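So you can see what is in the structure, the chains are spelled out below.
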2 protein chains.
Amino acid sequence: MNKLNDDVLHISQDCGNCPIRHRAVCARCESDELEQLEEIKYYRSFEAGQTVIWSGDRMDFVGSVVSGIASLTQTMEDGRTQMVGLLLPSDFVGRPGRMAAAYDVVATTDMVMCCFRKKPFELMMEQTPHIAQRLLEMTLDELDAAREWMLVLGRKTAREKIASLLSIIARRDATLKLDGMQGPLVFDLPLTREAMADYLGLTLETVSRQMSALKRDGVIELQGKRHVTIPDFSRLLNEAGDDADGGIMA
Amino acid sequence: MNKLNDDVLHISQDCGNCPIRHRAVCARCESDELEQLEEIKYYRSFEAGQTVIWSGDRMDFVGSVVSGIASLTQTMEDGRTQMVGLLLPSDFVGRPGRMAAAYDVVATTDMVMCCFRKKPFELMMEQTPHIAQRLLEMTLDELDAAREWMLVLGRKTAREKIASLLSIIARRDATLKLDGMQGPLVFDLPLTREAMADYLGLTLETVSRQMSALKRDGVIELQGKRHVTIPDFSRLLNEAGDDADGGIMA
DNA sequence: GTTCGCGCTTGATCTGGGTCAAGGATAGCC
DNA sequence: GGCTATCCTTGACCCAGATCAAGCGCGAAC
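Bear in mind that the values here come from a model prediction, so they are computed numbers and not experimental data. (Residues numbered from 1 in each chain as written. Chains lettered and ligands numbered in written order. Predicted model: local features only at pLDDT ≥ 70, side-chain atom pairs only at ≥ 80, totals over all residues. Heavy atoms only, no water.)

Colleague: How should I be thinking about the overall build of chain A in this particular structure?
Modeller: When you go through chain A residue by residue, the secondary structure sums to eight helices and 11 strands. Across the 250 residues of chain A, 54% fall into the buried class. Contacts in chain A between residues far apart in sequence, at least 24 positions, make up 70% of those at least 6 positions apart. Approximately 11,000 Å² of chain A is accessible, and the part contributed by carbon and sulfur atoms is 49%. (Helix = DSSP H or I, 4+ residues; strand = E, 2+ residues; numbered from the N terminus. Buried < 20%, exposed > 50% of the residue type's maximum accessible area, 1.4 Å probe, protein only. Contact = heavy atoms within 4.5 Å. Areas by Shrake-Rupley, 256 points an atom, 1.4 Å probe, with all protein chains shown as cover.)

Colleague: When you look at the protein's contact with DNA strand C in this model, what are you seeing that I'm missing?
Modeller: In the region of DNA strand C, 17 residues are neighbours, and R193, S208 and S212 of chain A together with T206 and R209 of chain B sit closest. Within 4 Å of the protein, atoms of DNA strand C come from sugar and phosphate in 62% of cases. Measuring from a phosphate oxygen of DNA strand C, one finds a side-chain N or O atom of R226 of chain A at 2.8 Å. Elements with a contribution of two residues or more to the surface near DNA strand C: helix 7 (204–216) of chain A together with helix 6 (204–216) of chain B. Of all the elements, helix 7 of chain A adds the most residues to the surface near DNA strand C, at five residues. Residue classes in the surface near DNA strand C are distributed as three nonpolar, seven polar and seven charged. (Near = heavy atom within 4 Å. Polar contact = N/O pair within 3.5 Å; in protein donor to acceptor, adjacent residues only side chain to side chain. Nonpolar A, V, L, I, M, F, W, Y, C, P; charged D, E, K, R; others polar.)

Colleague: Whenever I open this one, the protein's contact with DNA strand D confuses me. Can you help?
Modeller: Near DNA strand D lie 17 residues; those nearest to it are T206 and R209 of chain A together with R193, S208 and S212 of chain B. Counting only the atoms of DNA strand D that lie within 4 Å of the protein, the sugar and phosphate share comes to 63%. With respect to DNA strand D, the side chain of R209 of chain A contributes an N or O atom lying 2.7 Å from a base oxygen. One of the side-chain nitrogen or oxygen atoms of S208 of chain B is found 2.7 Å away from a phosphate oxygen of DNA strand D. Each residue belonging to the surface near DNA strand D can be placed in one class, and the counts come to three nonpolar, seven polar and seven charged.

Colleague: Any chance you could explain the sheet that holds strand 7 (residues 104–107) of chain A here in plain terms?
Modeller: In a beta sheet, neighbouring strands pair by backbone hydrogen bonds and run either parallel or antiparallel. All names here are of chain A. Reading across from one edge, 2-7-4-5 is the order of the four strands in this open sheet, with antiparallel pairing throughout. Each having just a single partner strand, strand 2 (51–53) and strand 5 (81–87) make up the two edges of the open sheet. Neighbour-to-neighbour, the strand axes of the sheet open up by a mean angle of 35°, direction not taken into account. In this structure, strand 2 lies alongside strand 7, joined through two bridges in antiparallel fashion. Residue I53 lies in a different strand from strand 7, and its bridge partner there is V105. (Pairing = 2+ DSSP bridges. Axes fitted to C-alpha atoms, helices over the stretch in contact; angles between N-to-C directions.)

Colleague: Just checking my understanding: could you explain the relation of the copies chain B and chain A for this structure?
Modeller: Relating the two copies of this chain is a rotation about some axis coupled with a shift parallel to it. With an RMSD of 0.1 Å, chain B superimposes on chain A once it is rotated by 180° and translated 0.0 Å along the axis. A rotation of that kind, with that shift, is consistent with a two-fold axis. Taken as a fraction of all interface residues of chain B, those also at the interface in chain A reach 100%, which identifies the copy contact as same-surface. (Least-squares fit on C-alpha atoms with pLDDT ≥ 70 in both.)

Colleague: Got a minute to help me understand the pairing of strand 5 (residues 81–87) of chain B in this structure?
Modeller: Put simply, side chains in a regular strand alternate between the two faces of the sheet. Residues and elements named next belong to chain B. Most of strand 5 is tucked away, with seven of its seven residues classed as buried. Across six bridges, the pairing between strand 4 (residues 70–75) and strand 5 is antiparallel. Its bridge partner lying in strand 5, S71 is registered against L86. Between strand 4 and strand 5, which pair antiparallel and follow one another directly, the connecting turn spans five residues, one of which, G79, has a positive phi of 100°.

Colleague: Hey, could you run me through the sheet that holds strand 10 (residues 221–223) of chain A in this one?
Modeller: All names here are of chain A. Read from one edge to the other, the open sheet built from three strands follows the order 9-11-10, with strand pairing classed as antiparallel. Each edge of the open sheet carries a strand with a single partner, namely strand 9 (185–188) and strand 10. Taken pair by pair, the neighbouring strands of this sheet meet at an average axis angle of 20°, ignoring direction. Examined bridge by bridge, strand 9 and strand 11 (residues 227–230) share four bridges and lie antiparallel to one another. What sits directly across from V186, in strand 11, is T229.

Colleague: Would you mind going over helix 4 (residues 158–177) of chain B with me for this structure?
Modeller: At 3.6 residues per turn, the α-helix brings residues three or four places apart onto the same side. All names here are of chain B. Under the 1.5 Å per step criterion, the end-to-end length of helix 4 is 29 Å for 20 residues, consistent within 8% with the ideal 28 Å. Residues of helix 4 that are buried include every one of A158, E160, K161, I162, A163, S164, L165, L166, S167, I169, A170 and A174, and no others. Among the structural elements, helix 3 (129–155), strand 9 (185–188), helix 5 (193–200), helix 6 and helix 7 (233–239) are those in contact with the buried residues of helix 4. (Expected span 1.5 Å × (residues − 1).)

Colleague: Would you take a moment to explain the pattern of salt bridges for this structure?
Modeller: Between side chains of opposite charge, a pair can form as their charged atoms come close. The tally for this structure, following the rule as stated, stands at 25 salt bridges over all chains. We note a salt bridge from R95 of chain A to D141 of chain B, for which the minimum N-O separation is 3.0 Å. You can see R95 of chain A sitting in the loop between strand 6 (92–93) and strand 7 and its partner D141 of chain B sitting in helix 3, one on each of two chains. One salt-bridge network, held together by shared partners, links R95 and R98 of chain A together with D141 and D144 of chain B. (Salt bridge = Lys/Arg side-chain N within 4 Å of Asp/Glu carboxyl O.)

Colleague: Looking at this model, I keep getting lost on the environment of R226 of chain A. Mind explaining?
Modeller: All names here are of chain A. On the secondary structure map, R226 appears in the loop between strand 10 and strand 11. Given a relative accessible area of 33%, R226 falls into the partly exposed group. Residues R226 and T192 lie 34 residues apart in sequence; the distance between their C-alpha atoms is 8.2 Å. If we skip the residues at most four places from it in the chain, R226 touches F187, D188, L189, P190, L191 and T192.

Colleague: Which parts of the structure should I look at to understand the environment of I131 of chain A?
Modeller: With respect to the helices, strands and loops of the structure, I131 of chain A is situated in helix 4 (residues 129–155). When the C-alpha positions of I131 of chain A and F121 of chain A are compared, they lie 9.8 Å apart, and in sequence the two are 10 residues distant.

Colleague: How should the nonpolar core be read in this particular structure?
Modeller: Among soluble globular proteins, nonpolar side chains are generally buried collectively. Formed by 118 residues in total, the largest nonpolar core has its most connected members in I220 of chain A together with I220 of chain B. Residues contacting I220 of chain B, with those up to four places away along its chain left out, are L166, M211, L214, K215, V228, T229, I230, P231 and L236 of chain B. Among the nonpolar cores identified, the runner-up in size contains 30 residues, and F92, I131 and A132 of chain A together with V62 of chain B belong to it. (Core = buried A, V, L, I, M, F, W, Y, C linked by side-chain atoms within 4.5 Å.)

As structure tokens, this is what we get:
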């Protein structure tokens, strides 16, 4: 592995299934690939509901989500669970330097991950500064998201919590689809009511009731249980208790 | 600034007031200093209650807490506030790459910070990979702490929340004092009841009631309002709903 | 088609923690 | 000493959301 250098990240260009993520790690790479990387890289796919890693497990890889959605959850002995993160395509999983997983990672939908064996990845990180810099940036983003979520969990009402979750999903969905935020937003909820409840620190009954209430009040429209239309996004933001820009500024 | 290299971190050794932090940034440094650093480094002190930075402010420095305690808080328009982080000596403030502060930073006690002008610090980071690596590690720790806190906020009862907060402060205090965890733990609460409430997503009345209840039940002892004795730490952990080891494993 | 299972909805009731309100303790200051 | 301000405690009451319970809708298996 000692030939690794900045070039290793060029692998991003020929990784057909996970372009977003690797480009995110090193946006400046534009060409080439190195074969060495192949030996530490591999794919794993998971079905919805499958557990990727159990909290406390030895973790011998890091990786990123290629497609689908996973969630990070913490569970108390008596079964109370709290989702502490939502992993979307391009999000990073695992922690360089740590042996054991700190959370359960569960595939919320069918999902594909691109994994790197941990030791070689750590070596690579030492030799290619940009990786640490890029990971730092991503981690800071996650930290901001986690802190924003602390406000949601600690101080918002059930209705505001639901509106906050919907606005986050809607916004992320809209930016992924590149059609921006203009016009009504339409998307499919990637979460069951129970998963929403676990994310929001509520019960699934309360989630269901508040979804019905938001529908009744015209804040959202529902086709079936999962397909959501947001006719007026600023109205939703308002219900979420966020100020107009609705997020952390760059 | 273009002479900066790995050596810049040697400054840690002669920064009498903030050794912990700079040693934390670069534990391997053992000698020397560079004068260049002085030109981007300065100290600021704050009184208890003083605001260090307002959310949204332009932030032209990063830095670390030398002594005292600061808190990161988010506030909604209607005044609901949530503390999203507690900054203890050695903790890092600010985000390289971001222009505006995302949270209010408030001095909870009298506090001294060691600041670096942001631009030069960013340059330094580009040229000295270890800084990014060390910052990544610290940020990952903070992320873990934030996520642990999400479980507290989302799923724990008021009594468990109080016990969780006390156990965190007690543990951190014990490790700082180097006398370890054996015997009864004694410390002073660095937070008012209101600040505790803001951290825990409760009201100050509920905090007060639960403190009284824990005292009545012999889980804690109080001398005055702030001085706390924990006769049996595992009992406290139990009240917090944590499993025995009570934290994230390394 | 029927049955099963799962995800979801809705209703009825209960309760933990919020809200409102009235003091108590302590420290600083004149 | 008394006065004031700040922080804290405690009580009475209330309500948002939890809990318990019943049932709906719909896709999959047979």
